[in-house]
Amino acid sequence: MRDDTHRVTPGSITAAGPRPGPAASTLHLLEEAVESHDPDAARGLAPAGDAAAASLMGSVADNAGALDVVDFSARYVDETGAGADDGSWTAQVVLTWGFEGFDREPASAEVAVTFVPDGDAVAIRRFGGVGDGVEPLWLQGPLEVRRSRQALVMVAASRPGAGREAATYARRVARGARVVRRVLTDWKPSAVIEVPASASALDATLDAAEGTYAGIAAVTTTVDGSGSADAPVHVFVNPDVTRGLRGAGAQVVMSHELVHVATDAATSAVDLWLLEGFADYVALRDVPLPLSTTAARAIDRVRRDGPPRQLPGPAQFDTLATDLEAAYELAWLACATLADEVGERALLDVYTRASDGTPVEAALRRSGTTVEVLVGQWRDRLASLSS
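What you see is a predicted model; the values in this text were computed from it and never measured. (Residues numbered from 1 in each chain as written. Predicted model: local features only at pLDDT ≥ 70, side-chain atom pairs only at ≥ 80, totals over all residues. Heavy atoms only, no water.)

Engineer: Tell me what's going on with the sheet that holds strand 9 (residues 233-237), and back it up with residues and numbers.
Structural biologist: Pairing within the open sheet is mixed, and its five strands lie in the order 5-6-7-9-8. Single-partner strands in this sheet number two, and they are strand 5 (143-147) and strand 8 (218-222). Strand-to-strand, the axes of this sheet are offset by a mean angle of 20°, without reference to chain direction. By the bridge criterion, two bridges tie strand 7 (residues 191-195) to strand 9 in an arrangement that is parallel. When the sheet's bridge partners are listed, Ile193 is paired in strand 9 with Val235. Contacts between helix 4 (residues 162-181) and the sheet are confined to strand 5, strand 6 (151-156), strand 7 and strand 9, with strand 6 contributing the most and set at about 150° to the helix. (Pairing = 2+ DSSP bridges. Helix = DSSP H or I, 4+ residues; strand = E, 2+ residues; numbered from the N terminus. Axes fitted to C-alpha atoms, helices over the stretch in contact; angles between N-to-C directions. Contact = heavy atoms within 4.5 Å.)

Below is the structure:
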């Protein structure tokens, strides 16, 4: 039997301005609907007659069940900007949530929520807004979800073939976990993969400026945008880029991101050439492709400009950098060169020590080399590849 206990009382929308008290009460009802995975109760929190909002709210409760959302709470903070002519307003709400079995601690972030006065009560129209904080994917609309012991995959259901896509990502995680464990043997695979509807939806999910991730296949980062070591870390995929990759390329992307998950790279202070180069080293270690393919952009850059005099730095890894792919390849070749010269075990030792806070220079010295020696060997290799 349908339970309308929590339905917002229908009524005429009035431009009475923000009403924090009733809004907080509605958020409490949202907590109950999410906790009980009750789509009817959640739909009852949408404005009367607003079918789109009702559908969204119902999907939030359905997603909560499929993802096994735990530790959910919603606390009203304050209004942002002026109210609209219809009486609606946007407020920052601190949300906490986690996915059972995958997130060690819940995420906590301010999320923009649009409220609408509805009779004597207040309803919810939507979550998120441009420039108003993160917009969690599970609050954006229906999802296709795949769960295994190793992975929790969610794909925006609005994408054509979302069910097949979710299954594909689950298989890539399984293969990628095997790739990563060949080097990081102690890792117990566990990853959450989020695939928004588009590149722009990815930007909104991560509270990034439009176009920030337009050229990025995927990014591994904290869910709530914080640098806290306790924050959940997920892999966020740009479907507009990955759908253009061939199977091997898409798998390398996933394996690369899983290295970041396995090594807590999202909150690491490791030099970016080592952090990104090591991830590519592991992902490409057993891929039977020639260097003319895997290092094509780096080779073109060296032919154009000559071997760089220093390892890639933060500016080269900016998501909007023009030679971003070349920077990744140059970092990978630096790590491959290090492994060739001092051994894979030493490369892993350098990365591990740097992750624990040891300066890269000191970590390299402990492995019998220096930055200067590595750069020289790397430049020689680049010159040889480009000749």
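Engineer: With reference to specific residues and values, describe the side chain of Thr114.
Structural biologist: Following the sequence through the fold, Thr114 ends up in strand 3 (residues 107-118). Setting aside chain neighbours within four positions, we find Thr114 in contact with Ser88, Trp89, Thr90, Ala123, Ile124, Arg125 and Arg126.

Engineer: Now, about the pairing of strand 8: what can you tell me, with residues and values included?
Structural biologist: With four of its five residues buried, strand 8 lies for the most part within the structure. Note that strand 8 and strand 9 share five bridges and pair antiparallel. Paired with Thr222 across the two strands is Val233, which belongs to strand 9. (Buried < 20%, exposed > 50% of the residue type's maximum accessible area, 1.4 Å probe, protein only.)

Engineer: So what's going on with the sheet that holds strand 3? Residues and values would help.
Structural biologist: An order of 1-2-3-4 is seen for the four strands of this open sheet, with the pairing classed as antiparallel. What marks the edges here is a single partner per strand, and that holds for strand 1 (69-79) and strand 4 (121-127). Strand after strand, the sheet turns through a mean of 40° between neighbouring axes, direction not considered. By the bridge criterion, nine bridges tie strand 2 (residues 89-99) to strand 3 in an arrangement that is antiparallel. In the strand pairing of strand 3, Leu95 is matched with Ala109. Packed onto the sheet, helix 1 (residues 20-35) meets strand 1, strand 2, strand 3 and strand 4 and runs at close to 170° relative to strand 1. Packed on one face of the sheet, helix 3 (residues 51-67) meets strand 1, strand 2 and strand 4 and runs near 70° to strand 4.

Engineer: Outline the pattern of salt bridges, listing residues and values.
Structural biologist: One pass over the full model with this rule turns up 17 salt bridges. Between Asp40 and Arg43 there is a salt bridge, with the nearest N and O atoms lying 2.4 Å from each other. Highlighted residues: Asp40 and Arg43, both in helix 2 (residues 39-43), separated by three residues, approximately one helical turn. Arg43 gets classed as partly exposed once you look at its relative accessible area, which sits at 28%. The closest approach of N and O atoms between Glu165 and Arg159, which form a salt bridge, is 2.8 Å. For the pair Glu165 and Arg159, one class covers both residues: buried. Sharing partners across several salt bridges, the network here consists of Arg182, Arg285, Asp286 and Glu344. (Salt bridge = Lys/Arg side-chain N within 4 Å of Asp/Glu carboxyl O.)

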